[in-house]
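Structural overview
Residue strings, one per chain:
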Amino acid sequence: MQERQALSARRIDHDLLGFVLHTPLWFWIAAGVLGLLVSAFVGSVGLLVLFGLQLLGYTNVQYWTIFITHFVFWVGISHAGVMISAILRLTQAEWRRPITRCAEVLAIFSLITAAMFPLIHTGRLWRTAYWAFPYDFTRGIWPDVRSALIWDPSAIVTYLTGTALFVFVDLLPDLAVARDRSTGLRHHVYRALALGFHGSARQWRLQLTAGILLSALILPVFVSVHSIVAWDFAMAIQPGWHSTILAPYFVIGAVHSGVAAVVTTMIILRRFLHLDKYITLQHFDTIGRLQLVVWFGYLFFFLMDFYFGLFARDPVEVSIWELRLTQPPTNILLFIQVLTALIIPLPFWFSRRCRRNVSLMFWLSISVNVGMFLERYILVVTPLSVKQPFVYTWSPPYQPQVIEYVITIGSFALASFGLLLFAKVFPIIPLWDVKEGQVNSQEVQVGRREVPAAIHD
Amino acid sequence: MADETGAVLGLFERPDDVAAALDRLRAAGFTGHDLAVLTDSPYPEGAFGEEPVRHRLYVFPFVGAACGFAVGLLLTIATQFSFPLVTGGKPILSIPPMINVLYEGTMLGALIFTFLGALFESRLPDFRPTPYDPRITEGYLGVLVRRTAGHADEARAALRAAGAFDVVPPPSAREEAPRALAAQR
Amino acid sequence: MAELPTVTPREAAHDLVGRPPGGAAYWGAVLVLAILTAAGVAALVVLAAGGAEPRAKWGYTAAMLAFLLSTALAAPPLAFTSRLARGYWGIPLRRVADLFAVGGLVAAPLLVLLLTQLPDWRDRPSIWLNWPGAPGLWDAVAVIGLTLAGLALVYVTGLPDLAAARDARRARAGGLALGWTGTLRRWDVLDLGVKALGALYVLLWGFVNLVVSTDLAMSLVPGWQSAVIPPYHVVSAFEGGIATTILALAVARRWGGLERYVTRDQFHAAAKLLLSLALLFFYFTWCEFLTYWYGRQPREQWLLGLLMFRSYVVPFALAFGLCCVVPFLLLLWNPIRGNIKGATVAAAIVLVGVLADRVRMYVAAWQVAGPVGQGQGDLPPMHLPGLLDVLVVLGMPAAVLLLYLLALRLVPAVSLWEYRRDRLLRVEREYIRTKVAVIAKPS
């Protein structure tokens, strides 16, 4: 990397363990605010359990709405974390070092947030266990594996377990550093978690090999999880959902929103934890170029979904697209989606100067995720909306209620809170990875110029 | 379990001194299995002239995948036959939906076993009282002589001759190290 | 450890641009390919002379067009990928891959011919929605654009080597060098141009995959409206492009005398990509199959019968087995993946699989092609190839290979200027008690 600095191990420990071992004031403020929002989230869910789903804006036909949108959105956010970490590890990209762990941890907490929504959406959360857990609780009824909704728990459990194990293996050497830098109860906790890691050549070789193996294993899982979420829709013969492209479309959309979420997280961490020496402008430049490539992929699939919706001129499919393109408020939401997720970011990502502008990259990443949230909302709600005229009901079309807005805000607070707590307890940037980068950094003399280089193991 | 109470740990500032220390220790009669280099980050394989690391981690994902596949197969077949009801026009034993669950089960098994294999091959958890110094995670390098078998003095001499700035005392003093370090801060 | 470039610049210039390829083996291959090409062209003329009907007779021709798009024309995207990723492993492989862009000179006329044989397009389910001039005009523009972009890419990436050939006193190549001298500004412009042309080529290639798979296959089959087919086509084509490049690298090593330039690293890296693409092939096939199977709708069950499990079950089984299962089982093992022979065998298997897959899609499509609004009817048996089809199947790839061999007389199979640059940026160094490869990546 052009902007790398020579940093001693002691300096790295000091910078990256600072937040873990010392607590600044802003942490308490942030934890307080996020905690309040999470409490509001929990309280709202409690109200739903107590009073039922009548508090929501559900109609007779629109029963998969904001909660399912959240489910898809948060599973999507969880994707890029593992994708970035795994692919960059497999390709031995040097720029991965400071960002892999925050990406992986973002994946874990996003997935936990996502997993809550199908439960909340059912109204009686605990009954989902009877239905989904592979055990005969009553009357000889087992989960029906033929149902696409049963594939979800298997996928999410696999992905969550895999990501958690991935994070733990990667964390072991840093737990050893935390053990060596702490005292009292903290020391004993870190000592227990570090499992006695002491940095022998064998342990390092196994650490690297396990990282490669877990990366190679988790990548197919990352593709399968969001595909299975997509098949919740595609397996139904509902026009607008029943499309062969939904699975890869969801996956590429997940990568698009997930990479943007990683950028948001990187910027926030850089700002509040003073990590400028570790998360440099070069990182934003490189990740901006990655976002550009993903943009093209996402555009391709978006257009395929559009064109093939109209391909066979099926009247119901056409009416869905008419709703999306011509009828407010759906067409306004679609316009905002295309503007924020596709049009606004593109010219900026082409410019090297813009990619290296941290504030701009922050707002672009927010813009992408606003657009991607709306994309999921439009995709989930509008196909059900076309059934509305055929239902004998006086209720207006679906409109989110206050409690749904509270739960929406609460979900963002929940994921952020989890990330904040993790960063407080464990180093959010891998110390050992950054130190390895220092060991591997070299220079190659070409004429009068010294070109930055790295050892390729 | 090896008796490591005779173990000796030397601390170095420079990687070249570590390589020189290994040479001296081998010349003094210590074998590769008795020696270990402790660092705070991975170095290129063979950088210190140490023995190559042999492991069987690659076997674990396959074993785990097989176990996960077997459990998935049992679960999916058993659940379908236990309540044989045609749903959505699909046969009682529907293989395509089974494949999704089988796949996830296989990958879950592979992931879990890889994790366990990584711990096993790394010989973790290891809470035995081996010589260790927290200064290793500050960037210093350690050369651990696990089994001195009564030749601890030769080991210490070889380490100092190679440039060790400290030779860590026996394990009983290990618990003093974090407190000493905290006192230094 | 990575195999570092060891040939000196002077030796490399002598090996790569000293003199054009020749000799009995080379000219023998040219002769055989020329004969096969002539036979293929003759078969096409006979087919065209017979008119558009029955449309089933064009199935194998369409399959060959798709095969060329999925093998030769899919190789330059691999070179672009390695440039984008700045992967050192790709340097000897880039020219070998880029040169296949000359296949556009075969694919473009072939597509134009097929477009003239399409049935009536008015109100036909398609991506064009009755757009004026569609599909013929726009498909033709796309494939001609792709051909021009490919030729431009080959020419621009070859400029410095043409200049080197000029300096080695080769008059024909030298004339094409346009007076190139390696000033810093020209190198900067060349770098930018190569990347821009590569990106343009990839975008056009993706678009041509889209229009070929929809206009020459999906729109012809009643009830087939699978949105995953264009990306599936792109992915399986990329897999074919990697396989084609691996085979070309093997030939370059074995018969081209380029063992010192084309090393195990290229095969290992390409084999890893091939493994990933084999998994993606499974993924896209599964997406289509599962969505159609699950709904139990008669229209979709008919399509599964036609394309996968009844009429074209043999090509489907071959395609699935040879593009996915066998490469996965082979390339999963590091000793095979990192071995030149292993990677080459896997690549050859994939090429056969890609051919079977294109036969499955396009022969089936042209066999059932009919007027708009026609129902799905009974499932027909697979349309087997006749003599003319065999000549086309042999002749069209032969034409591409012929153009490739002729192009090698102008530019070398390994890019001299990229090889020299790689040599500057990759060095071996002593590191304490071991040797390490150090790779520089200038911004």
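Worth saying up front: this structure is predicted, and the values here are computed from it rather than measured. (Residues numbered from 1 in each chain as written. Chains lettered and ligands numbered in written order. Predicted model: local features only at pLDDT ≥ 70, side-chain atom pairs only at ≥ 80, totals over all residues.)

**Observations concerning the overall build of chain C**
Helix and strand counts for chain C come out as 17 helices and two strands. A compact globule built from 443 residues would reach a C-alpha radius of gyration of about 22 Å, and chain C, at 23 Å, matches this within 12%. For the C-alpha atoms alone, the extent of chain C along its principal axes is close to 70 × 50 × 40 Å. Buried residues in chain C amount to 53% of all 443 residues. Nonlocal contacts in chain C, meaning residues at least 24 apart in sequence, comprise 83% of its contacts between residues at least 6 apart. (Helix = DSSP H or I, 4+ residues; strand = E, 2+ residues; numbered from the N terminus. Rg over C-alpha atoms; globule rule 2.2 N^0.38 Å. Buried ≥ 20, exposed ≤ 12 C-beta atoms within 10 Å, placed from the backbone. Contact = placed C-beta atoms within 7 Å.)

**A word on the interface of chain B and chain A**
Chain B puts 56 residues into the contact, and the matching count from chain A is 55 residues. Elements that contribute at least two residues to the side of chain B that touches chain A include exactly β2 (35-38), α2 (59-82), α3 (95-121) and α5 (176-184) of chain B. Among the elements that line the side of chain B that touches chain A, the one with the most residues is α3(B), at 16 residues. Of the residues belonging to the side of chain B that touches chain A, the class tally is 31 nonpolar, 16 polar and nine charged. (Nonpolar A, V, L, I, M, F, W, Y, C, P; charged D, E, K, R; others polar.)

**Overview of the sheet that holds strand β2 (residues 449-456) of chain A**
Sheets are built from strands that pair by backbone hydrogen bonding, the pairs being arranged parallel or antiparallel. Taking strand neighbours across the sheet as the criterion, the four strands line up as β1(A)-β2(A)-β2(C)-β1(C) in an open arrangement whose pairing is antiparallel. Either end of the sheet is taken by a strand with one partner, and the two such strands are β1 (441-446) of chain A together with β1 (426-431) of chain C. On average, each strand axis in the sheet is tilted by 45° relative to the strand beside it, whichever way the strands run. Where β1(A) and β2(A) come together, six bridges link them in antiparallel fashion. (Pairing = 2+ DSSP bridges. Axes fitted to C-alpha atoms, helices over the stretch in contact; angles between N-to-C directions.)

**With respect to the pairing of β1(C)**
For a regular strand, side chains alternate in direction, first toward one face of the sheet and then toward the other. Residue and element names in this part refer to chain C. For β1 and strand β2 (residues 434-440), the ladder comprises six bridges, and the chain directions are antiparallel. Each bridged residue has a counterpart across the sheet, and for R426 the counterpart in β2 is I439. The antiparallel hairpin formed by β1 and β2 contains two residues in its connecting segment, where I432 sits at a positive phi of about 55°.

**Points about helix α1 (residues 9-17) of chain C**
Residue and element names in this part refer to chain C. Looking at α1, one finds that the buried residues are A12, A13, L16 and V17. All buried residues of α1 project into a common sector of 100° when viewed along the axis, lining one side. Projecting away from the buried face of α1 at angles above 90 degrees are the exposed residues R10 and E11. Packed against the buried residues of α1 are α7 (136-167) and α17 (416-425). (Arc of directions from axis to C-beta.)

**A look at the environment of C324(C)**
All names here are of chain C. Examined against the element boundaries, C324 turns out to sit in helix α13 (residues 313-331). Classification of C324 as buried rests on a count of 23 C-beta atoms within 10 Å. For the pair C324 and L192, spaced 132 residues apart in sequence, the C-alpha to C-alpha distance is 36 Å. Ignoring anything within four residues of it in the chain, the contact list for C324 reads A278, F281 and F282.

**Describing the nonpolar core**
Among the nonpolar cores identified, the biggest contains 307 residues, and L65(C), L68(C), L274(C), Y362(C) and A365(C) are the most heavily contacted of them. Membership of the second largest hydrophobic core comes to 34 residues, among which are L9(B), L11(B), F48(B) and Y132(B). (Core = buried A, V, L, I, M, F, W, Y, C linked by C-beta atoms within 7 Å.)

**Some words on the interface of chain C and chain A**
Taken together, the contact between chain C and chain A spans 32 residues of the former and 31 residues of the latter. Put simply, the parts of the chain that give the side of chain C that touches chain A at least two residues each are α10 (229-254), α11 (264-295), α17, β1 and β2 of chain C. Considering each element in turn, the side of chain C that touches chain A owes the most residues, eight residues, to α11(C). The class makeup of the residues in the side of chain C that touches chain A is 23 nonpolar, eight polar and one charged. Where β2(A) and β2(C) come together, four bridges link them in antiparallel fashion. Bridging across to β2(C), H456(A) finds its partner in A437(C).

**Overview of the packing of helix α5 (residues 91-98) of chain C against α10(C)**
A pair of packed helices is characterised by two quantities: the angle between their axes and the separation of those axes. All names here are of chain C. Relative to each other, α5 and α10 sit at 105°, their axes nearing to 10 Å. Here α5 is positioned roughly perpendicular relative to α10, judged by the angle of their axes. Residues L93, V96 and A97 of α5 lie in contact with α10, whose contacting residues are T245, A248, L249 and A252. Of the residues contributing to the contact of α5 with α10, the split by class is six nonpolar, one polar and no charged. (Parallel < 35°, antiparallel > 145°, perpendicular 65-115°, else oblique.)

**Regarding the packing of helix α1 (residues 9-21) of chain A against helix α17 (residues 431-440) of chain A**
Residues and elements named next belong to chain A. Two elements in contact, α1 and α17, have axes whose closest approach is 10 Å; the angle formed by their N-to-C orientations is 150°. As the angle between them shows, α1 and α17 are arranged roughly antiparallel. Here the hand of the crossing between α1 and α17 comes out right-handed. Between α1 and α17, the residues in contact are A9, I12, D13 and L16 and L431, V434 and K435, respectively. Residue composition of the contact of α1 with α17, grouped by class: five nonpolar, no polar and two charged. (Left-handed = near helix turned anticlockwise from the far one by under 90°.)

**As for the domain arrangement of chain B**
Split into domains, chain B comes out as domain 1 (8-53 + 132-184) and domain 2 (59-121). Using only C-alpha atoms to locate each centre, domain 1 of chain B and domain 2 of chain B end up separated by 46 Å. (Domains from an automatic or database assignment.)

**With respect to unusual backbone geometry**
Geometrically, the link from L124(B) to P125(B) is a cis peptide bond, its omega value of -5° lying close to zero. For P125(B), the position within the fold is in the loop between α3 and β3 (141-145). With an omega of -10°, the peptide bond running from E53(C) to P54(C) counts as cis. Counting through the fold element by element, P54(C) comes out in the loop between α2 (23-49) and α3 (59-69). In the Ramachandran plot, N130(C) falls in the positive-phi region, its phi being about 60° despite a non-glycine side chain. Following the sequence through the fold, N130(C) ends up in the loop between α6 (104-115) and α7. Overall, the presence of 10 C-beta atoms within 10 Å leaves N130(C) in the exposed class. Even without glycine at this site, R296(C) takes up a positive phi of about 60°. Tracing the sequence through the fold places R296(C) in the loop between α11 and α12 (298-309). Among the residues examined, R296(C) registers 12 C-beta atoms within 10 Å and is labelled exposed.

**Looking at α3(B)**
Residues and elements named next belong to chain B. Given a rise of 1.5 Å per residue, 27 residues ought to cover 39 Å, and the 37 Å separating the end C-alpha atoms of α3 matches this to within 8%. In terms of residue burial, α3 counts as a mostly covered element, since 19 of its 27 residues are buried. Of the residues flanking the end of α3, it is R123, one or two places downstream, whose phi is positive at about 60°. (Expected span 1.5 Å × (residues − 1).)

**Thoughts on the sheet that holds strand β1 (residues 8-12) of chain B**
All names here are of chain B. With respect to topology, four strands assemble into an open sheet ordered β2-β3-β1-β4, the strand pairing being antiparallel. The outermost strands of the open sheet, each flanked by one partner alone, are β2 and β4 (166-168). The mean angle between the axes of side-by-side strands here comes to 25°, regardless of whether they run parallel or antiparallel. With four bridges joining them, β2 and β3 adopt antiparallel strand pairing. Counterpart to L35 in the pairing with β3 is V145. Contacting β1, β3 and β4, helix α4 (residues 152-162) crosses the sheet at an angle of about 5° to β1.

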